[in-house]
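# A look at the structure
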Amino acid sequence: MKPIQLHAPSRTFHHGNLSGYVIGFGVSTLLTLASFGAVMTGLLPRSATLAVLVLLCVAQLLVQLVFFLHLGSAPDQRSNTGIFLCTALLIAIIVGGSLWVTHNANANMMPSQMSARRAPPKD
Amino acid sequence: MSQASLSIVPTGGAHAHSDDSGPRTTLGFWIYLMSDCLIFCVLFATFGVLMANTAGGPSGRELFELPFVLGETALLLVSSFTFGLGMLAMQVGRSGRLVFWLGATLLLGAAFVGMEIHEFAKLVHDGAGPGTSAFLSAYFVLVGVHGLHVFCGLLWIALMIHQVTRFGLDAITRRRLACLSLFWHFLDLVWICVFTFVYLREFA
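Residues numbered from 1 in each chain as written. Chains lettered and ligands numbered in written order. Predicted model: local features only at pLDDT ≥ 70, side-chain atom pairs only at ≥ 80, totals over all residues. Heavy atoms only, no water.

### A few points about the overall build of chain B
Inclusion rule: Helix and strand assignments come from DSSP, with helices taken as H or I runs of at least 4 residues and strands as E runs of at least 2, each series counted from the N terminus. Any residue under 20% of the maximum accessible area for its type is buried, any over 50% is exposed, and the rest in between are partly exposed; the area is computed with a 1.4 Å probe on protein chains only. When checking whether two residues touch, look at their non-hydrogen atoms; a contact exists if any pair is within 4.5 Å. All accessible-area figures derive from a Shrake-Rupley calculation using a 1.4 Å probe, and residue coverage is judged against the displayed protein chains alone.
A count of helical and extended segments in chain B gives 7 helices and 0 strands. Ordering the α and β elements of chain B from the N terminus gives α-α-α-α-α-α-α. Per-residue burial for chain B yields a buried fraction of 58% across its 204 residues. For chain B, long-range pairs separated by at least 24 residues make up 80% of all intrachain contacts whose partners lie at least 6 apart in sequence. On chain B, roughly 7,900 Å² of surface is accessible, and the fraction owed to carbon and sulfur atoms is 69%.

Written out as structure tokens, the structure reads:
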């Protein structure tokens, strides 16, 4: 076992630098304000709002992953990045699959829009 | 048991039983975080499936106040930044400044949890508790689990403030702070998805 170096500047962890955190914080703030602004001002057409929200969300996730969690392709970050990509794939399968399957189930099998009052008369 | 880790803290037993190297621990912690991420992923999927089922109860559009949510978001984002400043202070060995930024993060995080408890209490008081509809059950579980994580993060920050003041910045406190840093930033990532898909989507 290699002896642990005490009181030496840490070379093993990556914590970025000040400019990285400032950029990450600034861009995240702008993206957050853009998300809330898109909804609260009502400037966008309603059909486009959801797509814009998803784009802004993904953009902010990427910004924070790179600037705050220091994911990247550097040799000491590769395993973290690889594990994250596998997790992202699992998330896409679980969330996408659940929504897809239940949407189909709702649309094709359960007449949820129908109530006793609104059901068409039998004869 | 390495000699070095024994010589760090001759007074404390708690610090003396670790001979793991830093990168391996942070990698293991990262794997834990990703599994935690899957828990949130399943809760988000549940919420996505149930969000239309208001069972005649109020919908999110009638319940949520966006300026309040923006306030919560700001608190968590700024706390992520102050934690980053703390890690930079750790990098250059300034434990006093590190403790200051950890304290700032603790206050901001506590304010976030306070706002969330207030929000939950108001919803329950207005008759929109978790038992009202499937939508509200899924909402309370998803947002509540995130809040619980933030609360655990607060306990961990308080513990690390104590450890840094007591033991100083040795290899072990540095390693633990590196893990806590990943945990805290990860919670902000989850919150980005919460405010987008739980709150803002209701008004889109």
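### What to know about a nonpolar patch on the surface
Condition: Candidate patch residues must exceed 30% relative accessible area and have no salt bridge, after which like charges are joined if within 9 Å and Val, Leu, Ile, Met, Phe, Trp or Tyr side chains if within 5 Å. A pair is scored as a salt bridge if a Lys or Arg side-chain nitrogen falls within 4 Å of a carboxyl oxygen belonging to Asp or Glu.
Together, Leu50, Val54, Val58 and Leu62 of chain A give the surface a local cluster of nonpolar side chains, amounting to about 300 Å² of exposed area. Tracing the backbone through its elements, the reader meets Leu62 of chain A in helix α2 (residues 46–67).

### Side note on the interface of chain B and chain A
The figure often quoted for interface size is the accessible area lost as the parts come together. To be explicit about the condition: Values labelled buried area give the accessible surface lost by two parts on being combined, using a 1.4 Å probe and summing over both. Any N or O atom pair separated by 3.5 Å or less is treated as a polar contact, with the protein-specific requirement of one donor-capable and one acceptor-capable atom, and with residues adjacent in sequence counted only for side-chain atom pairs.
Taken residue by residue, the interface counts 55 residues in chain B and 47 residues in chain A. Taking both partners together, chain B and chain A bury about 4,700 Å²; carbon and sulfur atoms supply 82% of that area. Contact with chain A buries area across many residues of chain B, yet Trp30, Leu77 and Phe81 of chain B alone supply 13% of it, more than any other trio. Remark: the boundary between chain B and chain A carries 0 salt bridges. Summed over the shared surface of chain B and chain A, the number is 3 residue pairs in polar contact (both at pLDDT 80 or more). Elements with a contribution of two residues or more to the side of chain B that touches chain A: α1 (3–8), α2 (22–50), α4 (66–91) and α7 (171–203) of chain B. The leading source of residues in the side of chain B that touches chain A is α7 of chain B, at 17 residues.

### A look at the pattern of salt bridges
All names here are of chain B. As enumerated under the stated definition, the model contains 3 salt bridges over all chains in all. One salt bridge in this structure joins Lys122 and Asp126, with 3.6 Å as the shortest N-O distance. Under the relative-accessibility criterion, Lys122 is labelled partly exposed at 38%. Given a relative accessible area of 48%, Asp126 falls into the partly exposed group. Of the charged contacts in the structure, one is a salt bridge between Glu202 and Arg201, with a shortest N-O distance of 3.0 Å. In terms of burial, Glu202 and Arg201 fall into one category: buried. Via salt bridges that share partners, Glu65, Lys122 and Asp126 belong to a single interconnected network.

### Let's talk about the nonpolar core
Here is the rule: For our purposes a nonpolar core is just a set of buried Ala, Val, Leu, Ile, Met, Phe, Trp, Tyr and Cys residues, chained together by side-chain atoms within 4.5 Å.
Counting 75 residues, the largest nonpolar core has Tyr139, Leu177, Trp191, Val198 and Tyr199 of chain B as its most contacted members. At the level of secondary structure, the elements contributing two or more residues to this core comprise α1 (18–40) and α2 of chain A together with α2, α4, α5 (95–125), α6 (134–167) and α7 of chain B. With 18 residues, the single largest contributor to this core is α7 of chain B. Aside from chain neighbours lying at most four places away, what touches Trp191 of chain B is Val69, Glu72, Thr73, Leu76, Phe112, Glu116, Val143, His146 and Tyr199 of chain B.

### Quick look at the confidence of the model for chain B
Residues and elements named next belong to chain B. How we decide: Confidence of the prediction at every residue is given by pLDDT, a number between 0 and 100.
Residues of chain B with pLDDT of at least 70 account for 90%, and the chain-wide mean is 90. Below a pLDDT of 50 lies the segment residues 1–19, which in the model reaches 29 contacts outside its immediate sequence neighbourhood of four places, other chains included. Scored as a whole, the predicted complex attains pTM 0.84, and scored at its interfaces, ipTM 0.85.

### Section: α7 of chain B
Residue and element names in this part refer to chain B. For clarity, the cut-off: Each residue after the first adds 1.5 Å to the expected span of a helix. A residue's bend is given by the angle between axes fitted to the 7 residues ending at it and the 7 residues starting at it.
Along its 33 residues, α7 runs 48 Å from first to last C-alpha, staying within 8% of the 48 Å computed at 1.5 Å per residue. Within α7, the axis deviates most sharply at Phe195, by approximately 25°. Across the 33 residues of α7, 30 count as buried, placing the element largely inside the fold. Where α7 begins, the capping side chain belongs to Asp170, and its oxygen is found 3.0 Å from the backbone nitrogen of Ile172.

### Thoughts on the packing of α4 of chain B against α7 of chain B
All names here are of chain B. The line we're drawing: Angles run from 0 to 180 degrees between N-to-C directions of axes, and those axes are lines fitted to C-alpha atoms, restricted for helices to the stretch in contact. When describing relative orientation, an angle under 35 degrees is termed roughly parallel and one over 145 degrees roughly antiparallel, while 65 to 115 degrees is termed roughly perpendicular and anything else oblique. Handedness of a crossing follows from how the near helix is turned relative to the far one, being left-handed for an anticlockwise turn of less than a right angle and right-handed for a clockwise one. Residue polarity follows a fixed list, in which Ala, Val, Leu, Ile, Met, Phe, Trp, Tyr, Cys and Pro are nonpolar, Asp, Glu, Lys and Arg are charged, and the others, Gly among them, are polar.
Contact geometry of α4 with α7 gives a least axis separation of 10 Å together with a crossing angle of 160°. When the axes of α4 and α7 are compared, the pair comes out roughly antiparallel. As α4 runs across α7, the sense of the crossing is left-handed. Per-class residue counts for the contact of α4 with α7 are 17 nonpolar, 7 polar and 3 charged.

### A word on the packing of aromatic side chains
Going by this rule: Aromatic rings from Phe, Tyr and Trp, taking only the six-membered ring of Trp, are treated as a pair when their centres fall within 6.5 Å; an angle between ring planes under 30 degrees marks them as stacked, one over 60 as edge-to-face, and anything in between as tilted.
If you walk through the whole model with that rule in mind, you get 19 aromatic pairs over all chains. Here the aromatic rings of Phe25 of chain A and Phe81 of chain B are separated by 4.4 Å at their centres, their planes lie at 15°, and the arrangement is stacked. Residue Phe25 of chain A is found in helix α1, and its partner Phe81 of chain B is found in helix α4; the two belong to separate chains. Aromatic pair Phe29 of chain B and Phe183 of chain B: ring centres 6.5 Å apart, planes at 65°, arrangement edge-to-face. Remark: Phe183 of chain B occurs in helix α7 and Phe29 of chain B occurs in helix α2; sequence separation between them is 154 residues. Of the two residues, Phe29 of chain B and Phe183 of chain B, both sit in the buried class. Each residue in the set Phe47, Phe64, Phe112, Phe120, Phe135, Tyr139, Phe140, Trp191 and Tyr199 of chain B is aromatic and connected to the rest through ring pairs, giving one cluster.

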